[in-house]
Amino acid sequence: MKYKIILVLFCLLTGNVFARKVITGTVVENESKKPVDAAQVDLLQLPDSVVAESIFTNTEGSFNLFKADTTKNYCVRIKFRFYKTETVPVVFKPGVRIISLGAVEIQPTSFNLKEITVNGSKIKVSELPDRTIYGISTDMKKTSTDGLDVLRKVPTVQVDYFNENITVEGKSNIKIEVDGISRDKSYLKKLHPSQIDKMEVITSPTGKYDADVDAVINIITNKEARYGLKGTVNAMLFPNSWDKYMARGGVSLDYGLKKISYSVSANGGVGQFDFINSMTRRAGTSLLQRDGTTNSQFGNGNVNAGFIYDPDDFNNLSVNLTYNGNGSTSKNNQFNSISENNIRSLNQTTNTSNNVSSGLNTSVYYKHRFDKKTEHAYEIETNVYTSLKNNNTTDFTNIILNLDSTELMRSPLQQEANDITSRSVNTRANYTLPFDSVYTFNTGVSANYSYNYIHNVSSRSNTPNLTYNDLRGSLYAELGKTFKKGNAKIGARLEVADVMINSSTPSTYVSPLPYVNGQYKFNDGNTLKLNYSSRVFRPSNSQLNPFVSYVDSLTESKGNPLLKPAYRHNFQLTNSIKFGKNKFSGTISPQLFFEYRSGLIQTITKQKDNTNTFVKVPENISNGYETGLNLSVYAQVFTVILNSNVRYYRSHTDKYQDQIKAIDRNSWSWNSQVMCPLPKDFRFFAVLSLNGPMINGQEVSQSAPFNLFGISKQFKNNSSLTFLAFNPFASKNFYSRSTIDNGTLYQRSESYMDLKRVFMINYSINFKVGKDVNVQKRTQEQNMEDSGIKLPF
């Protein structure tokens, strides 16, 4: 009898387990078909509409419900602010455990804009296993002049104001995408801030991306903003004196129809600055004291044109053509005081360097979706680059001086030159297959061919040229699964590179690169992410070029064609916590990280045969690691928006021959920004950047704090005027120093910009011609949500 009771209970329990169904689906906006993040999804038991389960959609708009019982009847209710509530019936099928509702479309609610009041600007942060998604608030848009300026205000991302170089968490090999399509930073300058909806920062790139990519920034635009004729004109002036200045300008024009949009843009800049530099070098009985100045003049230009064609909801074609050109002239004057066994001598080196580089890049992107309900799709992208003119020329003279600094002897004028030809083709194809509603399979292949030829000329010695051929192929595959409390992704990229330098025997490098991304969701405001990725970094053309430069009479510089690739293995554990509501809210994200590095490529400076001359050459030095804590805060206090990123870490480098001691050093960085609206459409913002010492092979480098204060005024004609003050309290602007101290060599170098007052004026105006199309409703309502709009219902 006892066994019969147990058997009956077992049957009841197992029967109940198999009676449970999983209900899945995706919530999308009915016109743009964009996924809706944070929509409330309720499982209602009929007929009394009791809530059996309630969740929110993720950043991809998807949801999973696990508490449906086949013995009862259900429907799914979807609610989202500014949208009509949708109800979808649930139909169970015999033998089918996972019930897919497909893509559920929701429609915007109509309301009278005159009854709306604005209370500040709301910020929004979402998490996925491999990326963080930042919603771009109204204040961020109104205090920005273009897409690159918006990027400056995103946590973990740094964009400097002079060279406009982009780094993420201190790493510089960054891939830029706009709506998933590869772009460069010049493309961002054509984007008006109002076109930008979100920014994705991917710090653990998957196998979809090349193995040398440190991080990916994907800018998601409002598709609706393409409609009509619109343009932007932007002008910036950095005045200091008649011979120290910088000016930039840009113009863009976009014309969009229902299925196709065209764009053209151009921007450029000119400038001139002076730099003060000094160096102290001590090796054995030799002592060098150097003081010098550098006058740098530069100019750059960019032209971008293309179109985006969306014939229907299933196909997307993008074609883009970009021209980039840069030129600079540097005049250097260096005075050297040399002491050898207490015998002093003086010399002087003067040189003039002219650098010109230009190139043309063509990209074609095509994506096909198989249906509207899922992300089942494939995409193909090809980029072709051709250099047009790329050469460097340096004329230099060495002068021996008497101890009273009068000229004793002058060498003939000498010249060094490099003429560079570069061509590359990069093609990739990716395929995405969602299945069983909770799984996603991604795979792809890519092929890259790069040809570089450097013709070297030197009046002092014969030096070989460099011919570099790199043929690379890769394959990746990954599997992702969505769970009730999170999702996970596991995959690997196999990369095979065939490299030939100067007709030598080709070297083949096979790099298996696994990666894992996982996310666990404790609740809607608390997620935990674990990421592992492995990356490979190859030497650059300048590092490989065997050319020997004698411009500095006391330091020879050359490349190393024997360099090998370097590898990194990166681990990240991140906890993202949302806090507060309404007038005080935000996200705080502490992160533990560890990165192991092998075969690091660093420049080594060493003495040449017990002489006063030193040699600088890049080498694969020993291994090392970096570990520490990163804290990112993105918060709103009333109408003030703050984002801050603090990084504290410990770096270790193993001993390398007698050039590098085993080094352990603690360091830090802190980057913060604050934005605050003021009366009369004024806005205030400030930036602070602090950096501790950084290890770079032999060198330990450090830069002075950077701070910026700005105020902008928004005018009714869609224009804005911005005033920026740089380092108002600094005695030496943009000061930096580096030190080598390995027991046999001590070298300390310092540099700063010769500026006494630093401020910038920027004026931007944008226009739009024609009536708005109805599909812009979603963009308007999203901006209302970002701005804390109160609706009259």
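Model, not experiment: these values are computed from the prediction.

A few points about the overall build of the protein
Stage number 1. Check the secondary structure of the protein and you find six helices and 46 strands.
Stage number 2. Relative to the globule expectation of 28 Å for 793 residues, the C-alpha radius of gyration of the protein, 30 Å, shows essentially globular dimensions.
Stage number 3. Taking the principal axes of the C-alpha coordinates as reference, the protein spans close to 110 × 70 × 45 Å.
Stage number 4. Taking all 793 residues of the protein together, the buried fraction comes to 50%.
Stage number 5. The long-range share in the protein, meaning contacts at least 24 apart out of those at least 6 apart in sequence, stands at 64%.
Stage number 6. With an accessible surface of roughly 36,800 Å², the protein has 58% of that area assigned to carbon and sulfur atoms.
Stage number 7. Side chains of the protein give 90 positive and 69 negative charges; the mean places of these two sets differ by 5 Å.

Structural notes on the nonpolar core
Stage number 1. Within the largest apolar cluster, 43 residues are counted, with the highest numbers of intra-cluster contacts made by Leu151, Val157, Ile217, Phe238 and Phe726.
Stage number 2. Residues within four places of Val157 in sequence aside, it is in contact with Leu151, Arg152, Ile166, Thr167, Val168, Val201 and Ile217.
Stage number 3. Among the nonpolar cores identified, the runner-up in size contains 21 residues, and Val41, Leu65, Ala68 and Val76 belong to it.

Re the sheet that holds strand 35 (residues 614-620)
Stage number 1. The mixed open sheet is built from four strands, whose spatial order is 30-31-35-34. Each of the sheet's edge strands pairs with one partner strand only, and the pair in question is strand 30 (548-552) and strand 34 (601-607). Ignoring which end each strand starts from, the neighbouring axes of this sheet average 30 degrees apart.
Stage number 2. Pairing of strand 30 with strand 31 (residues 555-558), which is carried by three bridges, proceeds in the antiparallel orientation.

Quick word on the packing of aromatic side chains
Stage number 1. For the coordinates displayed, the defined rule picks out 17 aromatic pairs.
Stage number 2. On the basis of an interplanar angle of 45 degrees and a centroid distance of 5.6 Å, the ring pair of Phe238 and Phe726 is categorised as tilted. Residue Phe238 is located in strand 16 (residues 228-241), and its partner Phe726 is located in strand 43 (residues 719-726); the two are separated by 488 residues in the primary sequence. As far as burial versus exposure is concerned, Phe238 and Phe726 are alike and both buried.
Stage number 3. Arranged with centres 5.9 Å apart and planes meeting at 55 degrees, the rings of Phe370 and Tyr378 form a pair that is tilted.
Stage number 4. Owing to a relative accessible area of 29%, Tyr378 belongs among the partly exposed residues under this scheme.
Stage number 5. Pairwise contacts between aromatic rings join Phe238, Phe273, Phe298, Phe706, Phe726 and Phe734 into one cluster.
Stage number 6. Above the ring of Phe685, the side-chain terminus of Lys153 is found at 5.6 Å from the ring centroid.

Regarding the pairing of strand 21 (residues 343-369)
Stage number 1. By the bridge criterion, 26 bridges tie strand 20 (residues 315-340) to strand 21 in an arrangement that is antiparallel. Bridged to Asn324 within strand 21 is Gly359.
Stage number 2. Between the antiparallel neighbours strand 20 and strand 21 lie two residues, among them Asn341 with a positive phi of about 55 degrees.
Stage number 3. Inspection of the sheet shows strand 21 paired to strand 22 (residues 377-401) by 24 bridges, in the antiparallel sense.

A closer look at empty space enclosed by the protein
Stage number 1. Under the defined criterion, the tally for this structure stands at nine cavities of 30 Å³ or more.
Stage number 2. If you trace the second largest cavity, you find 28 residues lining it, with Thr145, Asp146, Lys189, Asn234 and Asn762 closest to the centre.
Stage number 3. Broken down by element, the lining of the second largest cavity gets its largest block of residues, five residues, from strand 17 (residues 244-256).
Stage number 4. In terms of residue class, the lining of the second largest cavity is built from nine nonpolar, twelve polar and seven charged.

Describing the domain arrangement of the protein
The figure often quoted for interface size is the accessible area lost as the parts come together.
Stage number 1. Its domain assignment divides the protein into domain 1 (2-106) and domain 2 (124-226).
Stage number 2. Contact residues are listed per partner, giving six residues for domain 1 and ten residues for domain 2.
Stage number 3. Roughly 590 Å² of surface becomes buried between domain 1 and domain 2 when both sides are summed, with 45% attributable to carbon and sulfur atoms.
Stage number 4. The tally of links between domain 1 and domain 2 comes to zero salt bridges.
Stage number 5. Here the residues of the side of domain 1 that touches domain 2 sort into one nonpolar, two polar and three charged.

A short note on the environment of Val457
Stage number 1. Here Val457 lies in strand 25 (residues 439-458).
Stage number 2. Non-local contacts of Val457, meaning those with residues more than four positions away in its chain, are made with Gln415, Glu416, Ala417 and Phe547.

Section: the pattern of salt bridges
Stage number 1. Taken as a whole, this structure holds 33 salt bridges when the rule is applied.
Stage number 2. A salt bridge links Glu619 to Lys606, with the shortest nitrogen-to-oxygen separation between them at 3.3 Å. With Glu619 in strand 35 and Lys606 in strand 34, this residue pair connects regions lying 13 residues apart in the sequence.
Stage number 3. Ionic contacts of the salt-bridge type, sharing partners, join the residues Lys171, Asp214, Arg568, Glu595, Arg597, Glu626 and Arg647 into one network.

A few points about the pairing of strand 15 (residues 215-221)
Stage number 1. In terms of residue burial, strand 15 counts as a mostly covered element, since six of its seven residues are buried.
Stage number 2. Taken together, the five bridges between strand 12 (residues 174-178) and strand 15 define a ladder with parallel strand orientation. Considered in strand 15, the bridge of Ile176 is made with Ile217.
Stage number 3. Bridging between strand 14 (residues 196-202) and strand 15 involves six bridges; their strand directions are antiparallel. Looking at the pairing, Val201 lines up with Ile217 of strand 15.

Conventions and cut-offs
- Residues numbered from 1 in each chain as written.
- Predicted model: local features only at pLDDT ≥ 70, side-chain atom pairs only at ≥ 80, totals over all residues.
- Heavy atoms only, no water.
- Helix = DSSP H or I, 4+ residues; strand = E, 2+ residues; numbered from the N terminus.
- Rg over C-alpha atoms; globule rule 2.2 N^0.38 Å.
- Buried < 20%, exposed > 50% of the residue type's maximum accessible area, 1.4 Å probe, protein only.
- Contact = heavy atoms within 4.5 Å.
- Areas by Shrake-Rupley, 256 points an atom, 1.4 Å probe, with all protein chains shown as cover.
- Lys, Arg positive; Asp, Glu negative; His and termini not counted.
- Charge placed at Lys NZ, Arg CZ, Asp CG, Glu CD.
- Core = buried A, V, L, I, M, F, W, Y, C linked by side-chain atoms within 4.5 Å.
- Pairing = 2+ DSSP bridges.
- Axes fitted to C-alpha atoms, helices over the stretch in contact; angles between N-to-C directions.
- Phe/Tyr/Trp six-rings, centres within 6.5 Å; stacked < 30°, edge-to-face > 60°.
- Lys NZ or Arg CZ within 6 Å of the ring centre and 35° of its normal.
- 1 Å grid on protein atoms, 1.4 Å probe; cavity = no way out; pocket = protein on both sides within 12 Å on 5 of 7 lines; lining within 4 Å.
- Points joined across faces, edges and corners; volume = space filled by probe spheres on them.
- Nonpolar A, V, L, I, M, F, W, Y, C, P; charged D, E, K, R; others polar.
- Domains from an automatic or database assignment.
- Buried area = accessible area lost by both parts, 1.4 Å probe.
- Salt bridge = Lys/Arg side-chain N within 4 Å of Asp/Glu carboxyl O.

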